[in-house]
Amino acid sequence: MAGTKRARENVDTKASKKVKPSKEGPKKHKFESEDAAGEEEDFVAFDDGLEEPVSEAKAVFTKKPQVDYDSHRAGGLNKQDSFLSGSTSSREAHAKQRALAQDRKAAKPNADSIARSKKIWEKLRRKSHVPKAERDELVEELFAIITGRVKEFVFKHDSVRVIQCALKYATPAQRKQITQELSGSYRELAESKYAKFLIAKMVVGDNESRDAVVQEFYGHVKRLIRHPEASWIVDDIYRTLATKSQKAVLLREWYGPEFVFFTQNKGTPEEEVSADLSVILNQNPEKRGPIMQHLKEMTNQLVQKKTTGFTMLHDAMLQYFLNVKPGSPEQTEYLDMLRDDEEGDCVKNLAFTRSGSRLVCLALAYGNSKARRTILKFFKTHIKLLASDVYGHVVLLTAYEVIDDTVMTAKAIFPELLSKDLDREAREQELMAQIEHLTSRIPLLYLMSPDPPKWLVPADTDTATIIKEVREVRANTSKKDPETRRVELLETLSQPLLDLIASQIKFLARSQLGCQFVSETLFGATGKKDAALQAVAELAAGGGQSELESDETAQVIATPAVGRMLKSLVQGGRFDKEAKKVVLVDPPLKFGDMLYTQLRHGDDEVDPIISWTNGPNSFVVLAMLEAEHFSHKEELLELLKKNVSSLNKDNHGAKIILEKIGGTKAQDTTATTVEKGKKGKQNESGRADDTAQAKEKKAPKDKKSKK
C-alpha cells in the first residue's frame, strides 16, 4: 500500500486551517498594457481577482500541470500520438519485447547451452518424426552438452525436461553417469516443484538408482512427508518400488527420533529391520509411551492438514491402532479422530489401500452404532467404486457382518450397488458388467451363503483374513444373530438379481462367471425363483428360437460351464467336498422337472434326452437319475432302457448311466452273440471251402482210372 500512495511534496501540514482574508482588499486591475509582459501580468491579476484566495497547500492540488513540449520532442511521441500517426505498429512493439526477453535470457549463465539443449529436446520428444540414426546423433550431442553440468540444469523448470529426455534415451552407462552427478542432491530434487519428476524417472527400472535415492531419504522422512512436493515422491517410491526392508526403515522413523538416529549411525543389515510395532514394543516395553505418543502426533498432524492419501501414513495408522488396547480411551480417541472429518476424506482414502481398508474394517467392528452409521455415510456415492476395488470391497463385506441395523445398511448400500436410479436396460447392463468383474461380483454374491465359497473368497487372501478377524471382534460388539442379519439383508438384495437372471440368461450363460452367478443366486436368494428357473430351462431346451439362435444356443449349452451349472441346479444344492454329498436347498428348486418337461416337448426325430445322454451334457441326465426331488425318474429309466442300444458307451456319462440301468450287460451279451454268429459263419464258410478243395483233388484221379 505504501507504493500506491500519491506523493505529496511541499505540502504544509497546517494547510487545513482557515485562511485569513487580506486586509488590503481586492487589488485594482489594469486593463491597459503596452507590452506582452504587462498583458500576462494583467491576465493573472484578473484571475486572482475573480477567485477566492487559497492556501498554499490547496494551490498545489489545484495547479494545472505544465507540459514540457521540448521534452516531448526529445523523447518522441507518446503512446496515443504514435498510434494516431501509425509510425510504430503492434507487431514491432511485440518484436521489441521479444528482443528484450532474449537479451535477458542471454545474460543468464549457461544460456547458450540451455538454448541448444532445448532445441535438441524439441526434436527428440517427437519420437515418430526422428529416424533412429538422427536420434542417436542428437542424444550424443545432448550428453556432450550436459555432462558435468547436470546440477545446473535440473533446478530450472525448462531445462530439467532436457535431463528427463536424456534419461529416456540414455544407455545404462549414461544413466549411471547422471545418477553419480546428482548424488547427494536427491532430497533437494524431491523438494523441487519440477525436478521431482526427474526423481520419478530415475528410480523406475533401475535398482541401483532406487537404492541411492532411498538411502538419501533415510533420516528425513518426518520432513519429507510434510513437504508439499516431496511427500508424493517419497510415498510413490515407498508404495511401488521400495523393497520390504527399505519400507521397514522408512516406516520406523514414524516411531520417534531414536529410530532415525539408530538408522543413521548404528545401522543394522536391512534384512534384520522390522517395522512391526508389536515386535518393537515387546522388545522394549519401557518405551511404549514415548513411541505411541510420537506416532499419534505424527499421524494426527497429517490428518488435520487433510493430507491423508499416503500409503505410508495408512501403514503407520494401522500400526498404532493394532497396538492400543481394545476399549481403552486411546482407541476411542483414535476412532473419534477418524470420524471428526466432516467430509470423510480420511476414511475414503483409507479404504483403498491394503492397510487402510483393514483399519476401516476394524473401526466398523469396534465402533458403536453411531460410529458405524457415520463411517458408512462417508461412502455415499462411492459404493460402486468400493465394490470394484481390490481392497475397498472388504469394507462393504464388513458392513454386512457387523452392522445390526440392517434397514440402514440396505438403504445405504443396495440402491447404489444395484443401480436402482437407472432405467431397466441401463441397470441390467451395469449389473452384468459387475457380474463379469472378479471383484465387483463379491458384494453381490457374498450374502448368498453363511460362508462364501472358496471360488468367490479364497482362503489365502487378505479378504478372508480380515473377515475372520472381524467376526472375532463382532462377537463382543454386535448383538444381532449373524444368520438373522444375513437373511434380512438378503431379502432386499435377492429379487433384483433373480429378475436379472430371468431377462438376461442368454448373455449370462456365455461366460463362466455368469454361470457361477446364476447357480449361486438360485441356491441362496430368497424370493420368487420360478421365472428365473423357467428361463434357464427354456434356454437349455432351446424352445421358441430361430434356426440361427438354436445353433448359437447349442454351442453355449455344450460349454463345460453351462453343463456344470445345469447339473448343480438339477441336483438341487451345492456339493460339500468334506461330507462328499450334495447339500439341498430349502425349499427345493425342482429344476430337474422343469428341464425334463421342456426337453420332452421337443419335435426332434431323436429324443432330446437320448441326445443329451450321448452328448457333452450326459452328466445332467445322470443328475436327474440321482436327484432326490426328481418326479419323472421312472419315466426316464424306461426311456433309457428302451433306447439302451442307442447309447454311446464311449461317452463317460453315458457309460455310468448304462451301469445304473443295467444296460452294460445287455450290450455285452448282444455283442457276444454277434461275435459268435460271425465266428459260426466263418467256420461254416471254411468247411465249405475245404469240401470244394477235396472234390477238386478227387476229380483228376477219377479221370486217370478211366483211361
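Shown above is the structure to which this text applies.
These figures come from a predicted structure and were not determined experimentally. Position numbers for residues count from 1 along each chain, tracking the sequence in the order it is written. Per-residue local features are limited, in this predicted model, to residues with pLDDT of at least 70; the limit for side-chain atom pairs, both in listing and counting, is 80 or more; totals at the level of whole chains, interfaces and linings are taken over all residues. Only heavy atoms go into the side-chain values, all of them from the structure, while hydrogens and water stay out.

Engineer: Could you clarify how one ought to interpret the overall build of the chain in this entry?
Structural biologist: On a plain count of helices and strands, the chain comes out with 41 helices and 2 strands. Three exposure classes are used, based on accessible area relative to the maximum for each residue type with a 1.4 Å probe and protein chains only: buried under 20%, partly exposed in between, and exposed over 50%. When burial is assessed residue by residue, the chain has 40% of its 707 residues classed as buried. Just so you have it, the chain exposes about 42600 Å², and 51% of that area is on carbon and sulfur atoms. Helix numbers and strand numbers start at the N terminus; a helix is a DSSP run of H or I with at least 4 residues, a strand a run of E with at least 2. For the area figures, the Shrake-Rupley method with a 1.4 Å probe applies, and any residue is considered shielded solely by the protein chains shown.

Engineer: Would you mind going over the pattern of salt bridges with me for this structure?
Structural biologist: Close approach of charged atoms lets side chains of opposite charge pair. Salt bridge criterion: a side-chain nitrogen from Lys or Arg within 4 Å of a carboxyl oxygen from Asp or Glu. Counted according to the given criterion, the structure contains 28 salt bridges. In this structure, R474 engages E401 in a salt bridge whose closest nitrogen and oxygen atoms are separated by 2.3 Å. With R474 in helix α30 (residues 462-477) and E401 in helix α26 (residues 393-402), the pair connects residues that are 73 residues apart, well separated along the chain. Exposure class is identical for R474 and E401. Each is buried.

Engineer: So what exactly am I meant to see when it comes to the side chain of E216 here?
Structural biologist: Structurally, the position occupied by E216 is in helix α13 (residues 207-217). Asp and Glu count as negative and Lys and Arg as positive, but His and the ends of the chain are not part of the count. In this structure, E216 is buried with no salt-bridge partner, the nearest side chain bearing the opposite charge being R187 at 6.6 Å. Working rule for contacts: check all heavy atoms of both residues, and any pair within 4.5 Å makes them a contact. Filtering out sequence-adjacent residues up to four positions away, E216 remains in contact with S183, G184, S185, Y186 and R187.

Engineer: Even after reading the chapter, I still don't get the packing of aromatic side chains, so can you show me in this structure?
Structural biologist: What describes a pair of aromatic rings is the distance from one ring centre to the other and the angle between the planes of the rings. Only Phe, Tyr and Trp rings take part, Trp by its six-membered ring, and two of them pair if their centres are within 6.5 Å. Stacked means planes under 30 degrees apart, edge-to-face means over 60, and tilted covers everything else. Following the criterion strictly, the structure yields 7 aromatic pairs and no others. A centroid spacing of 5.7 Å and a plane angle of 80 degrees characterise the contact between Y596 and F630, whose relative ring orientation is edge-to-face. Taken together, the positions of Y596 in helix α36 (residues 591-600) and F630 in the loop between α38 (618-626) and α39 (633-642) put the pair 34 residues apart, joining distant regions of the chain. Each of the two residues, Y596 as well as F630, counts as buried. For a lysine, the NZ atom is tested; for an arginine, the CZ atom; a charge sits over a ring if that atom is within 6 Å of the ring centre and within 35 degrees of the ring normal. Positioned above the aromatic ring of W121 is the side chain of R125, whose terminal nitrogen or guanidinium carbon lies 5.2 Å from the ring centre. Over the face of the ring belonging to Y238 we find K247, whose NZ or CZ atom lies 5.8 Å from the ring centre.

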